[in-house]
Amino acid sequence: LPLLLEATLLRLAGGSHHPFYNGFYYNHIMNDKGNGQEKVVYFNGAKLVVETPKDPVYSSNGANVTLPCHYHYEPDLEGKHKIRIKWSKLRDDYTKEQDVLVAIGKTYMAFGDFRGRAHLHQAGRREASLVVSDVRLQDHGKYRCEVIDGLEDESDVVDLRLQGIVFPYQPPRGQYRLNFHEAERACQEQDAILATFNQLFQAWSEGLDWCNAGWLADGTVQYPIRLPRKPCGGLHLAPGIRSYGPRHRHLHRFDAFCFSSALRGEVFYLDRPAGMTLEEAKQSCQDVGAEIARVGQLYSAWKFLGLDRCDAGWLADGSVRYPIAKPRANCGPAEPGVRSFGFPSRGRFGVFCYKER
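As the structure is a computational prediction, the values presented were derived from the model and not from experiment.

(A) Seen up close, the overall build of the chain. Counting its secondary structure elements, the chain contains five helices and 25 strands. With 357 residues in all, the chain has 46% of them scored as buried. For the chain, restricting intrachain contacts to residue pairs at least 6 apart in sequence, the fraction spanning at least 24 positions comes to 61%.

Shown next as structure tokens:
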């Protein structure tokens, strides 16, 4: 990019915590009649309107997604305008923004994790849609589409949601051993991230019932209850999400609720007549060009691919589990789910392997 244009793009991106304005606020100017009423002045004679979908846009891990954004003028303006466009990723509480992409005309610059994955889709007239390729778990969230025409600056928000599954997780050390940062790492090691409240709520509405409290991405500790019972908040409380509220991220320790999305590959089962130790299981997966599966991968294969296996197998964290899509005799409870034998210190089992397509 020419240095001047690059500097302009960077300056446009740098205002990520505030609306863009050229040194003063321009939309609302007090009239001089002294009656305290505002009149709105649009410097180009027309109001700039930015529109995005009101309903969430859904995608999945590894897919490509388009976040629609269009703008127009009221009344309509003819002729071309030198439009500047900025996309930002917002926190759920709107208190912080992450720069995604800025553009002037057909020249654009993407930032951070979006570099090489984000570009504008401007096939239609007055379109400012954002295309994100190779969607990642961390891309889930709200995005602001901001359009700047001279002194006019308007924006709207798109909600990108990943289709996925929430699962409770505790490490081999046992229950309530993770502070917030350890919970983040534990989910990442299982091909997942800490779930948001909205993701946990969706899982609860689909039937998740878990009595152990776990960290969420916002630093709160909560747990979902479908069937009220004495050890889980009491019989007198209605079903719902029980909350401990925000906890100290270093000192307090709980389990974690992790979120994983659709797989880029496949999970399959290997066995030997005499079973395998954990180390033998890891080697067996490597021998067939795969790796031992992680917990999030097993849950995703069960949820999205209908993986059903009534044989226990090792996973990468040292746990032994098996997925049941069609409940039947001798395969655990009457509901579908991923069954767990915990973290056996000895024993010989099969193994679940994962291989990318």
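Past the structure itself, the notes keep going.
(B) Examining unusual backbone geometry more closely. Between Glu74 and the following residue, Pro75, the backbone shows a cis peptide bond with an omega angle of -5°. Here Pro75 lies in the loop between strand E6 (70–74) and strand E7 (84–90). We note that Asp134 has phi near 50°; this positive angle belongs to a residue other than glycine. With respect to the helices, strands and loops of the structure, Asp134 is situated in the loop between strand E11 (129–132) and strand E12 (141–149). Looking at Asp134, the relative accessible area reads 29%, which means it is partly exposed.

(C) Spotlight on helix H5 (residues 295–305). With respect to burial, H5 is a largely interior element, eight of its eleven residues being buried. For H5, every residue scored as buried is listed here: Val295, Gly296, Gln297, Leu298, Tyr299, Ser300, Ala301 and Trp302. Positive phi appears at Gly306, one or two residues downstream of H5, with a value of about 65°.

(D) Focus on the state of the cysteines. What the rule picks out here adds up to five disulfides. For Cys211, the disulfide goes to Cys232, at an S-S distance of 1.8 Å. In this structure, the disulfide formed by Cys211 and Cys232 twists by about -120° around the S-S bond and is classed as left-handed. Taken together, the residues Cys211 in the loop between helix H3 (197–205) and strand E16 (214–215) and Cys232 in the loop between strand E17 (220–225) and strand E18 (240–246) connect sequence positions 21 residues apart. Classification of Cys211 by relative accessible area gives partly exposed; the value is 24%. Across a sulfur-sulfur distance of 2.0 Å, Cys310 and Cys331 are joined as a disulfide pair. As the torsion about the S-S bond is roughly -115°, the Cys310-Cys331 disulfide counts as left-handed. Of this pair, Cys310 sits in the loop between H5 and strand E22 (313–314) while Cys331 sits in the loop between strand E23 (320–324) and strand E24 (337–340); the two residues are 21 residues apart in sequence, bridging distant segments of the chain. On the accessibility criterion, Cys331 (4% relative accessible area) is buried. Numbered in order of appearance, the disulfide-bonded cysteines of the chain are paired 1-2, 3-6, 4-5, 7-10, 8-9.

(E) Quick peek at H3. Within H3, burial applies to Gln199, Leu200, Ala203 and Trp204. Down the axis of H3, the sector holding all buried residues measures 140°, keeping them to one side. In this fold, the buried residues of H3 make contact with strand E14 (164–169), strand E15 (193–194), E17, E18 and strand E19 (255–261). One or two steps after H3, the chain reaches Gly207, where phi turns positive at roughly 120°.

(F) Spatial organisation of the side chain of Thr220. In this fold, Thr220 is placed in strand E17. If near-sequence neighbours (up to four positions away) are discounted, Thr220 is found in contact with Gly214, Trp215, Gly245 and Pro246.

(G) Representation of the side chain of Asp255 within the structure. Structurally, Asp255 can be placed in strand E19. The side chain of Asp255 is buried and forms no salt bridge, while Arg177, the nearest opposite charge, is found at 8.0 Å. Of the polar contacts made by the side chain of Asp255, one reaches the side chain of Gln170; its length is 3.0 Å. Contacts of Asp255, omitting those with residues within four sequence positions, involve Tyr169, Gln170, Gly174, Gln175, Tyr176, Leu178, Asn212, Ala213, Gly214 and Trp215.

(H) Quick peek at the pairing of E7. For E7, the tally of buried residues reaches seven of seven residues, placing the bulk of the element in the interior. Covered by surrounding structure in E7 are Arg84, Lys86, Ser88 and Leu90 together with Ile85, Trp87 and Lys89, the residues of both alternating faces. Bridge analysis of E7 against strand E8 (residues 97–104) gives seven bridges, and the strand direction is antiparallel. Looking at the pairing, Trp87 lines up with Leu101 of E8.

(I) Main features of the sheet that holds strand E10 (residues 118–121). Across the sheet, which stays open at both edges, the three strands sit in the order E5-E11-E10 with antiparallel pairing between neighbours. Either end of the sheet is taken by a strand with one partner, and the two such strands are strand E5 (65–67) and E10. Recorded for the sheet is a direction-independent mean angle of 30° between the axes of neighbouring strands. Relative to E11, E10 is paired through four bridges, and the arrangement is antiparallel. In the strand pairing of E11, Ala118 is matched with Val132.

(J) Layout of the pattern of salt bridges. As enumerated under the stated definition, the model contains 15 salt bridges in all. Of the charged contacts in the structure, one is a salt bridge between Asp209 and Arg229, with a shortest N-O distance of 2.6 Å. Of the two residues, Asp209 is situated in the loop between H3 and E16 and Arg229 in the loop between E17 and E18; the sequence distance between them amounts to 20 residues. According to the relative accessible area criterion, Asp209 is partly exposed, its value standing at 22%. The shortest N-O distance in the salt bridge between Arg309 and Asp311 comes to 2.8 Å.

Thresholds applied
Residues numbered from 1 in each chain as written. Predicted model: local features only at pLDDT ≥ 70, side-chain atom pairs only at ≥ 80, totals over all residues. Heavy atoms only, no water. Helix = DSSP H or I, 4+ residues; strand = E, 2+ residues; numbered from the N terminus. Buried < 20%, exposed > 50% of the residue type's maximum accessible area, 1.4 Å probe, protein only. Contact = heavy atoms within 4.5 Å. Disulfide = S-S within 2.5 Å. Arc of directions from axis to C-beta. Lys, Arg positive; Asp, Glu negative; His and termini not counted. Salt bridge = Lys/Arg side-chain N within 4 Å of Asp/Glu carboxyl O. Polar contact = N/O pair within 3.5 Å; in protein donor to acceptor, adjacent residues only side chain to side chain. Pairing = 2+ DSSP bridges. Axes fitted to C-alpha atoms, helices over the stretch in contact; angles between N-to-C directions.

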